[in-house]
Amino acid sequence: QVQLVESGGGLVQAGGSLRLSCLAAGRTFSSLVMGWFRQAPGKEREFVAASMKNGGQTFYAGSVKGRFAISRDNAKNTVYLQMNSLKPEDTAVYYCAADGTSAGWGAPNGYNYWGQGTQVTVNS
């Protein structure tokens, strides 16, 4: 069992930055595949970024590549999403996810555990 708690959301102007955090508890953190997803009102949940276990590769959606960065601190059992050059279309509830498979990291069905979400709103 894994419990996830997100924090760091808020209201920012276009071009600004936010850093989201996700604290994980219940399993050895370094062994987990971690992901970030987002969901806007009336839209489906979409992939944002993923970090493979054991210090592996990172992957990004094309819409955020070059602007967002996923990272992890294994000593603190925490994964981060640094968001720069924010756009109004980035507005959504952002969710942390854990325990994805190596083959299923890019889709919600690839993860077994989810946080409650944190709201990110970007004004034009």
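Here is what the cut-offs are and how they apply
Residues numbered from 1 in each chain as written. Predicted model: local features only at pLDDT ≥ 70, side-chain atom pairs only at ≥ 80, totals over all residues. Heavy atoms only, no water. Helix = DSSP H or I, 4+ residues; strand = E, 2+ residues; numbered from the N terminus. Rg over C-alpha atoms; globule rule 2.2 N^0.38 Å. Buried < 20%, exposed > 50% of the residue type's maximum accessible area, 1.4 Å probe, protein only. Contact = heavy atoms within 4.5 Å. Areas by Shrake-Rupley, 256 points an atom, 1.4 Å probe, with all protein chains shown as cover. Lys, Arg positive; Asp, Glu negative; His and termini not counted. Charge placed at Lys NZ, Arg CZ, Asp CG, Glu CD. Polar contact = N/O pair within 3.5 Å; in protein donor to acceptor, adjacent residues only side chain to side chain. Core = buried A, V, L, I, M, F, W, Y, C linked by side-chain atoms within 4.5 Å. Salt bridge = Lys/Arg side-chain N within 4 Å of Asp/Glu carboxyl O.

A. Quick look at the overall build of the protein. Of the regular secondary structure elements, the protein holds zero helices and eleven strands. For the protein, the N- to C-terminal ordering of α and β elements is β-β-β-β-β-β-β-β-β-β-β. Scaling as 2.2 N^0.38, a compact globule of 124 residues should have a C-alpha radius of gyration of about 14 Å, and the protein matches this with 13 Å. For the protein, with 124 residues in total, the buried portion stands at 41%. In the protein, 57% of the contacts between residues at least 6 apart in sequence involve partners at least 24 apart. Split by element, the accessible area of the protein, about 6200 Å² in all, is 47% carbon and sulfur. Here the protein holds 11 positive side-chain charges and 7 negative ones, and the gap between their average locations is 4 Å.

B. Representation of the side chain of Arg 38. Residue placement: Arg 38 occurs in strand S4 (residues 34-39). For Arg 38, a relative accessible area of 5% gives the class buried. At 2.6 Å, the side chain of Arg 38 forms a polar contact with the side chain of Glu 46. Here the side chain of Arg 38 touches Asp 90 through a polar contact of 2.9 Å, side chain to side chain.

C. Quick look at the nonpolar core. Among the nonpolar cores identified, the biggest contains 35 residues, and Leu 4, Met 34, Trp 36, Leu 81, Met 83 and Tyr 94 are the most heavily contacted of them. Put simply, the parts of the chain that give this core at least two residues each are strand S3 (18-25), S4, strand S5 (46-51), strand S7 (68-73), strand S8 (78-83), strand S9 (92-98) and strand S11 (118-123). For this core, the element with the most residues is S9, which contributes five residues.

D. Seen up close, unusual backbone geometry. With phi around 55 degrees, Asn 77 is a residue other than glycine that occupies positive phi space. Structurally, the position occupied by Asn 77 is in the loop between S7 and S8. Taking relative accessible area as the criterion, Asn 77 reaches 26% and is therefore assigned partly exposed. Backbone geometry at Ser 85 places phi at a positive 50 degrees, although glycine is not the residue there. With respect to the helices and strands, the residue Ser 85 is situated in the loop between S8 and S9. With relative accessibility at 43%, the residue Ser 85 sits in the partly exposed group.

E. Structural view of the pattern of salt bridges. As enumerated under the stated definition, the model contains three salt bridges in all. Across the pair Asp 90 and Arg 67 runs a salt bridge whose closest N-O atoms are separated by 2.8 Å. Taken together, the residues Asp 90 in the loop between S8 and S9 and Arg 67 in the loop between strand S6 (58-60) and S7 connect sequence positions 23 residues apart. Put simply, Arg 38, Glu 46, Arg 67 and Asp 90 are held in one network by salt bridges that share partners.

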